[in-house]
Amino acid sequence: MFIIQHVKPRSFEGVPCRQLPNIDGNYEDVINQCQTWQFIQLEPSNGQPSGSSTKLIAYYNHQALYIGIACYQKAAITASIQARDKFAQSDDNIILILGTFNDNRNGYAFGVNPIGTQADFKIMDDGRTTDYNWDTEWKSATKITDWGWFAEFEIPFKSLRYKSDQTQWQFDIRRSIRVNSEISYWSGPKKEEFKISLSGNLDNITAPNQKNDITMVPYVMNQLKVTDNTLSNSKMNNQIGGDIKWKVNSNLLANATINPDFATVEADEEVIDLTRYEIEYPEKRIFFQEGNEMYDTRLKTFYSRRIGDIDFAGKVNGKIGKTNLNIISAIENATGKENQPLFNVVRLKRDILKSSSIGMTLTNKSDTTTNSSISADYVLNLGKLWKFTGQYVGVVRDFDMMRHAGYLRFAAENNFFHWHIRYSYFDGDGFKKIFNESGYTKDDDRQEFDSDISYKWWMKGGSLKFTKFTSKNNAYWNHDYGIFKGYVFTLLSENYFKNRINLDFRYNNEYRYDVVTHYDYYNYIYEAAVGYNTEAYDRIICRSQYGRSFGSHIKLIEAEARIKLLNKWALEFKPRYIAFEPQTTKYKDAVVYGISNTYNFSNDLWVKLINQYNSATDKVYVYGLAGWRFKPPFGNLFFVITHNEQREMAGFTNNYVSYIKFTYPLSF
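Because the structure is a prediction, the values reported are computed rather than measured. (Residues numbered from 1 in each chain as written. Predicted model: local features only at pLDDT ≥ 70, side-chain atom pairs only at ≥ 80, totals over all residues. Heavy atoms only, no water.)

A. Looking closely at the pairing of strand β30 (residues 501-514). With 11 bridges connecting them, strand β29 (residues 484-497) and β30 associate as antiparallel partners. Bridging from a neighbouring strand, L491 pairs with Y507 of β30. Counting the residues in the hairpin turn of β29 and β30 gives 3 residues, including R500, whose phi is positive at 75°. Examined bridge by bridge, β30 and strand β31 (residues 519-532) share 14 bridges and lie antiparallel to one another. Bridging across to β31, Y511 finds its partner in Y522. Counting the residues that bridge the hairpin from β30 to β31 gives 4 residues, and of these H518 lies at a positive phi of roughly 60°. (Pairing = 2+ DSSP bridges. Helix = DSSP H or I, 4+ residues; strand = E, 2+ residues; numbered from the N terminus.)

B. Seen up close, the pattern of salt bridges. As enumerated under the stated definition, the model contains 33 salt bridges in all. A salt bridge links D296 to K300; the shortest N-O distance between them is 3.9 Å. Assessed through its relative accessible area of 16%, K300 is described here as buried. Residues R397 and E437 are paired through a salt bridge, measuring 3.5 Å at the closest nitrogen-oxygen approach. Placement of the pair is R397 in strand β24 (residues 386-397) and E437 in the loop between α2 (431-435) and β27 (446-458), with a sequence separation of 40 residues. Judged by relative accessible area, E437 falls into the partly exposed class, the value being 22%. (Salt bridge = Lys/Arg side-chain N within 4 Å of Asp/Glu carboxyl O. Buried < 20%, exposed > 50% of the residue type's maximum accessible area, 1.4 Å probe, protein only.)

C. Seen up close, the environment of T370. Within the secondary structure, T370 sits in strand β23 (residues 370-382). Apart from the residues within four sequence positions on either side, T370 is in contact with N364, K365, V396, R397, D398 and F399. (Contact = heavy atoms within 4.5 Å.)

D. How the structure looks around the pairing of strand β32 (residues 539-549). Relative to β32, β31 runs antiparallel, the two being bridged by 9 bridges. Directly across from I525, in β32, lies its bridge partner G547. Between β31 and β32, which pair antiparallel and follow one another directly, the connecting turn spans 6 residues, one of which, N533, has a positive phi of 60°. Bridge count for β32 against strand β33 (residues 552-565) is 11 bridges, and the pairing is antiparallel. Note that in β33 the partner of R539 across the bridge is R562. Taken together, β32 and the strand that follows it, β33, pair antiparallel across an intervening segment of 2 residues, in which F550 is found at a positive phi of about 50°.

E. Highlighting the side chain of Q41. Along the polypeptide, Q41 turns up in strand β4 (residues 40-43). Its relative accessible area of 8% is what places Q41 among the buried residues. Filtering out sequence-adjacent residues up to four positions away, Q41 remains in contact with N46, G47, Q48, P49, S50, G51, E182, I183 and S184.

F. A look at the packing of aromatic side chains. Scanning the entire structure with this criterion turns up 52 aromatic pairs. Here F121 and F194 contribute two aromatic rings whose centre-to-centre distance is 5.4 Å and whose plane-to-plane angle is 75°, an arrangement assigned as edge-to-face. In this pair, F121 sits in strand β9 (residues 118-124) while F194 sits in the loop between β14 (182-185) and β15 (200-203), placing the two residues 73 residues apart along the sequence. Looking at F121, the relative accessible area reads 1%, which means it is buried. Looking at F194, the relative accessible area reads 11%, which means it is buried. Between Y507 and Y526, the ring centres sit 5.0 Å apart and the planes meet at 40°, which makes this aromatic pair tilted. A residue pair is termed long-range when its members are at least 10 positions apart, and Y507 in strand β30 and Y526 in strand β31 qualify at 19 residues. Assessed through its relative accessible area of 45%, Y526 is described here as partly exposed. An aromatic cluster of three or more residues is present, and its members are Y423, F449, W477, Y481, F484, Y487, Y511 and Y522. The ring centre of Y407 lies 5.8 Å from the NZ or CZ of R298, which sits over that ring. Looking at K456, its charged tip hangs above the ring of F466, at a distance of 4.5 Å from the centre. (Phe/Tyr/Trp six-rings, centres within 6.5 Å; stacked < 30°, edge-to-face > 60°. Lys NZ or Arg CZ within 6 Å of the ring centre and 35° of its normal.)

G. A look at unusual backbone geometry. Of note, the bond from E43 into P44 is cis; its omega dihedral lies within 30 degrees of zero at 0°. For P44, the location among the structural elements is in the loop between β4 and β5 (54-60). Cis geometry marks the peptide bond from E581 to P582; its omega dihedral reads 0°. On the secondary structure map, P582 appears in the loop between β34 (569-581) and β35 (590-602). For F399, which is not a glycine, the phi torsion comes out positive at approximately 55°. You can see F399 is positioned in the loop between β24 and β25 (403-413). Phi is positive for N533, close to 60°, though the residue is something other than glycine. Residue position: N533 is located in the loop between β31 and β32.

H. Examining the nonpolar core more closely. L65, F110, F153, W169, F171 and I173 are the most contacted members of the largest nonpolar core, which totals 32 residues. Contributing elements (two or more residues each) for this core: β5, β6 (64-72), β7 (93-99), β8 (107-112), β12 (148-156) and β13 (169-177). Residue contacts for L65: discarding those within four places in its chain leaves Y59, Y60, L98, F153, E154, I155, F157, W169, L202 and I205. Within the second largest apolar cluster, 14 residues are counted, among which are L42, Y185, I196 and F416. (Core = buried A, V, L, I, M, F, W, Y, C linked by side-chain atoms within 4.5 Å.)

I. The arrangement of a nonpolar patch on the surface in detail. A cluster of nonpolar residues, M216, V220, I240, I244, F662, Y664, L666 and F668, forms a patch on the protein surface that exposes about 710 Å² of accessible area. Elements with a minimum of two residues in the nonpolar patch: β16 (213-226) and β17 (234-249). Relative to the helices and strands, V220 resides in strand β16. (Patch = residues over 30% accessible without salt bridge, like charges linked within 9 Å, V, L, I, M, F, W, Y side chains within 5 Å. Areas by Shrake-Rupley, 256 points an atom, 1.4 Å probe, with all protein chains shown as cover.)

J. Quick look at the side chain of R175. With respect to the element layout, R175 can be found in strand β13. Buried within the structure, R175 lacks any salt-bridge partner; E182 is the closest side chain of opposite charge, at an N-O distance of 6.2 Å. A polar contact is formed between the side chain of R175 and the backbone oxygen of S53, at a distance of 3.1 Å. In this structure the side chain of R175 is engaged in a polar contact, spanning 2.9 Å, whose partner is the backbone oxygen of Y72. Residues in contact with R175, not counting those within four places in the same chain, are F39, S52, S53, T54, C71, Y72, Q73, N93, I94, E182, I183 and S184. (Lys, Arg positive; Asp, Glu negative; His and termini not counted. Polar contact = N/O pair within 3.5 Å; in protein donor to acceptor, adjacent residues only side chain to side chain.)

K. Inspection of the environment of S250 at higher detail. As for its placement among the helices and strands, S250 is situated in the loop between β17 and β18 (252-258). Taking C-alpha positions, S250 is 8.0 Å from P208, a pair spaced 42 residues apart along the chain. Excluding residues that lie within four positions of it along the chain, S250 makes contacts with L160, R161, Y162, S164, P208, N209 and Q210. A distance of 3.4 Å separates the side chain of S250 from the backbone oxygen of P208, its partner in a polar contact.

Keep in mind that these numbers describe shape and distance, not what the molecule does.
Structural data, given as C-alpha cells:
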C-alpha cells in the first residue's frame, strides 16, 4: 500500500501596525521581533538545511507591506554590483517573492544584495519564465554587520496587482550565499528556481481595495546632433511626452502614452554576429513593460520593438477571475511612411489545473497592407518534472490565404536535469514575412525535430565543485519534406573547481542548405574557455574558437576582465580578435574591444565612460553618462554624450550626440 503524504505549506503571519519601521537599514528596532527560520537548500546539497540561519518579520498598514530579514552568515560576504537588475547570481542576495493572486503561476520578485542594489522582476508560468525588464516603485535598505547583513523592504500596495478580498498571499524568500554557491528557500525543499506552486503563505494580510489611483510619468528631453567637427551642421531636437497609469481596481490597470520616451541611456555592446538572424532587443519603454511578459511565447506573435516612434497608445492589463488579459492599441508616427501604421493586440491567458494555462493572442497591423495573426498556446505543468507546451499560429495578409506555424514540446526538467523533444512546423509560403510585421521569429519554411539533454552534478569531495554536460541536436527540412535544410549538433562541458577555476569546452557541427543560392554550408566550431571566479563580479575569462562559418575559416580569441576598484569604481575590458579565411563583404578580420569605467557615488548616482572600437569598419564609439535616479525606478535625470566615427559605403561618418533627459513621476 502506498501512503501519499500531503505536506502543509509553511506559513508566516503579517503583523498590522499604524506606522511601518523606517527604511534606513537599522535592524535594532525590529530584530527582537524577528522569527528564526531554517531555509532549505536548492543547491549545492538539495534538500539539506542551509548552513546559515535567517530571521524574518512582516508588518503592514493601509499603504504598504514591510519585510525585515536578518541574514546570519559566517562566510565572507560577496557584494560588488551597483547596477539595478544586474546582480543575479554574482553577489550574495535576498529575493522576496509575492504571489498576490494565489494562482500557483505568477509572482512578483524584489531582491537586494548586501550593499543595497535592487532588482525587481516578474515570475510567470510557475517559474518557467522571468522578466527583468519589469520595474515598479519600492524601497529597500541594507546594512552589513558583524554577524552577517540585514535587509528591509517596503512594497507599496499601489505597486502590485492583487485580489483585494484575500487575506493570504503565496510567499517565499530565496537566499544566495556566493562563497558556498548556496541557494536556499524559506518555503522548503524544491528542485526548481522560483517555483510559485511550492511557495509558502503570508497570512493575515489585509490589502486595500485600491481604485482610481493615477500615476503620471512625464519626461522632457533636449537633444543636440552634430554631424561634423563644427557646430555648422547641427540639429537641435526638443521632445516632451509621457505615460499615465490608472489603477481601475486592485487587479486591473489601464495605461496611456503620448510620444513615449524611446531614448536609451544604455550603450549597446559591439557585437560580432556569425549568424544570419535578426537580433532581438529588450523593451525599455515604460508603457510596454507592464504585462509585456504575457507575449513571451516561443512563437512571439507580438514583439513590441516592431512599433517604432509612437504618437499615441493605450493599454489595459490585469487579471479577472482566472483570466489574465493584455489589450494594446498603438498609432505609430507616420513620418517618412505612406500610411500611419495602427497596431492592435489582444492577449488572453486562462489558468487551468493546478499551475497550467491556455492562451490566445490576436494581432493586427494596418498601413499599406493589413497583416493579422491568431495564436493559441498552452503550458501544462504535470507533476514535479514533466511539462508539455505547444502553440499554433495562423497569419494572413490582406485577408488572402492563411499561412500556418506551430510546435509541440515535451520536457522533463528541473535545476539539475533537462530533457526535451520538440517538433516545429513553419509554412513555406511567406509565413515569416507576414509574421514579423508585428511578431518575431527567425524561422521560415521549416519542419524541425530537436532534442536537448543536460545534467548538472554537484561533487561532495575532491577538487571539482560541479560539472555540467549538455547536448543539443536538431534536424530540419522544408515544409513538405522535399528539401533537407540542415542539422545542428552541439556538445558542451562546463567544469567549475573549488579553487574558482572553471574550464569549458564546446563542439558545434552544423549543416545548412541555402535555398536561394543552392549552396551547401558545413560549419563547425571548436571552443575552449578558462576562467577564474566566473560566478562572481570580479572575474576573468579567456576564450578561443576555431572552425568554419558559411564558407570562411574562422579563428577567434577573446577575453573578459571585470574588477571592482576602491569599492565604487568598476572596470571592464573586453578585447577580441577574429580572422576569416577567405574574407568576405560580411566577414572581415577585426580587432574589437570595449572598455567600460563606472564610478558609483551611490547606487542611484553614477557616471560611466565607455569606449568601443572595431577595426573592420574603423568604428570608434565613445559614450559618457551621468545618471541620477532620485526617485527609483522612474524618477531620474540623465546627461549623455556620444561620439561615433565609422567607415561606410558612402564614405566616413563622424557625429556627436548629446542629450539631457528628465523624468518625474507624479501620483494622485
